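Observations on chain architecture
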Amino acid sequence: MNMTEAAYLYVEDDVLGREIMRMIMENVIGAADTYVFEDSANFMDRLRALPRKPDLIMLDIHIKPHDGMELLSMIRADAEYRHTRVIALTASVMNEEVAELRSSGFDGAIGKPLDIAVFPSLIARVLNGVPTWHVV
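Residues numbered from 1 in each chain as written. Predicted model: local features only at pLDDT ≥ 70, side-chain atom pairs only at ≥ 80, totals over all residues. Heavy atoms only, no water.

Description of the packing of aromatic side chains
- This structure, assessed with the given rule, holds 1 aromatic pair.
- For the cation-ring pair, arginine 46 lies above phenylalanine 37, with the distance from its terminal atom to the ring centre recorded as 4.2 Å.
- Lying across the ring of tyrosine 81, lysine 53 places its NZ or CZ 5.2 Å from the centre. (Phe/Tyr/Trp six-rings, centres within 6.5 Å; stacked < 30°, edge-to-face > 60°. Lys NZ or Arg CZ within 6 Å of the ring centre and 35° of its normal.)

What about the sheet that holds strand S5 (residues 108-111)?
- What the 6 strands build is an open sheet, ordered S2-S1-S3-S4-S5-S6; its pairing is parallel. With one partner strand each, in any of the chains shown, strand S2 (33-37) and strand S6 (132-134) form the two edges of the open sheet. Each adjacent strand pair in this sheet contributes to an overall mean axis angle of 20°, direction not counted.
- Note: strand S4 (residues 85-90) against S5, 4 bridges, orientation parallel. Each bridged residue has a counterpart across the sheet, and for alanine 88 the counterpart in S5 is alanine 109. (Pairing = 2+ DSSP bridges. Helix = DSSP H or I, 4+ residues; strand = E, 2+ residues; numbered from the N terminus. Axes fitted to C-alpha atoms, helices over the stretch in contact; angles between N-to-C directions.)

Some points on the nonpolar core
- Ranked by size, the top nonpolar core spans 23 residues in total, and within it Leu9, Val11, Phe43, Leu47, Leu59, Ile75 and Phe106 carry the most contacts.
- Of all the elements in the fold, those that place two or more residues in this core are strand S1 (7-11), S2, helix H2 (43-48), strand S3 (56-60), helix H3 (68-77) and S4.
- Tallying contributions element by element places H3 first for this core, with 4 residues.
- Once you skip the residues sitting within four places of it in the chain, valine 11 turns out to touch Phe37, Asp39, Phe43, Met58, Leu59, Asp60, Ile63 and Leu71. (Core = buried A, V, L, I, M, F, W, Y, C linked by side-chain atoms within 4.5 Å. Buried < 20%, exposed > 50% of the residue type's maximum accessible area, 1.4 Å probe, protein only. Contact = heavy atoms within 4.5 Å.)

This is the structure we're talking about:
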């Protein structure tokens, strides 16, 4: 899938993190459709209400009221979204946490802060169905 044609959803409670992602998605990736949620309240209702179904959902793990693991469970339990690619974007890169992300059904994880030099190639891999684990 072409990165510029894909639709994205980013769920992030940090204001600066959201702004950085918007700039990266618009200026580096060239994405036409990037949606951003500042919290995880009413997540599935808001996801279904988007004008376009995301091809890739990027979740902050430590978000409220539902954390990234809970959001992933909601996505995987929904027939319409269960096969949507979902990656974790997290600053939590301890071995145990990465192992938990891998076993929970994420399609990958990318460590924060994002490395703009490699981020586009990581997103391309995920969109092409390649599990991508880039946590340093």
